[in-house]
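Analysis of the macromolecular model
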Amino acid sequence: MPDLKEALHVDPFIPLREGTGQALPHALTLGTALVAGVQFTLLGAALVSLLRRKPSQVRGSRLAWGAFSLVNFVGPISYFLFGRKR
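Counting of residues starts from 1 at the beginning of each chain's written sequence and follows it residue by residue. Per-residue local features of the predicted model are confined to residues with pLDDT of at least 70, and side-chain atom pairs are confined, for both listing and counting, to 80 or more; whole-chain, interface and lining totals are unaffected and use all residues. Processing note: side-chain calculations cover all non-hydrogen atoms of the structure and skip hydrogens and water entirely.

Some thoughts on the overall build of the protein chain
Secondary structure elements follow DSSP: runs of H or I no shorter than four residues count as helices, runs of E no shorter than two count as strands, and numbering proceeds from the N terminus. The secondary structure content of the protein chain amounts to four helices and zero strands. Residues are treated as being in contact if the distance between any of their heavy atoms lies within 4.5 Å. Partitioning the contacts of the protein chain with sequence separation of at least 6, the portion at a separation of at least 24 is 46%. Per element, the accessible surface of the protein chain, about 6600 Å² overall, is 69% carbon and sulfur. Note on areas: Shrake-Rupley, 1.4 Å probe, and residue coverage restricted to the protein chains presented here.

As structure tokens, then:
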């Protein structure tokens, strides 16, 4: 009969015992960090752009675009493509 620790363990990347391996391969960790960096850069750029623009230079509500920018890549990219008036 498995002990409680093994019975509750569901994540295949996290080892059960110390020294049995790393939690994630280095390439996957690096890739995740790069994607997260791009996501936060897009979010920051969208929010700064929203704060600096006058309401007349934005299609729709600045508050709504700010909230929508929190959606992964889709939000900030949509703001830059559709939310700004040129």
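Quick look at the nonpolar core
Note on terminology: a nonpolar core comprises buried Ala, Val, Leu, Ile, Met, Phe, Trp, Tyr and Cys residues joined through side-chain atoms within 4.5 Å. Throughout this description, buried means an accessible area under 20% of the type-specific maximum (1.4 Å probe, protein chains only), exposed means over 50%, and partly exposed covers the range between. Counting six residues, the largest nonpolar core is built from Ala46, Leu50, Val58, Trp65, Tyr79 and Phe80. Looking at this core, the elements that each hand over two or more residues are α2 (26-52) and α4 (74-83). Those residues in contact with Val58 that sit more than four places away from it in its chain are Leu50, Arg53, Trp65, Tyr79, Gly83 and Lys85.

Some thoughts on the packing of α2 against α4
Relative to each other, α2 and α4 sit at 40 degrees, their axes nearing to 8 Å. On the basis of the axis angle, α2 is oblique to α4. The two elements α2 and α4 meet at a crossing, and its hand is left-handed. For the pair α2 and α4, contact is made by Leu42, Leu43, Ala45, Ala46, Ser49 and Leu50 and by Pro76, Ile77, Tyr79 and Phe80, respectively. Throughout this entry, Asp, Glu, Lys and Arg are counted as charged residues, while Ala, Val, Leu, Ile, Met, Phe, Trp, Tyr, Cys and Pro are counted as nonpolar. The remaining residues, Gly among them, count as polar. For the contact of α2 with α4, a count of residues per class yields nine nonpolar, one polar and no charged. Only C-alpha atoms enter the line fits that serve as axes; for helices the fit covers just the stretch in contact. Angles between N-to-C directions range over 0 to 180 degrees. Convention used here: angles under 35 degrees read as roughly parallel, angles over 145 as roughly antiparallel, angles from 65 to 115 as roughly perpendicular, and any remaining angle as oblique. When the near helix sits turned anticlockwise from the far one by under a right angle, the crossing is termed left-handed; a clockwise turn instead gives a right-handed crossing.

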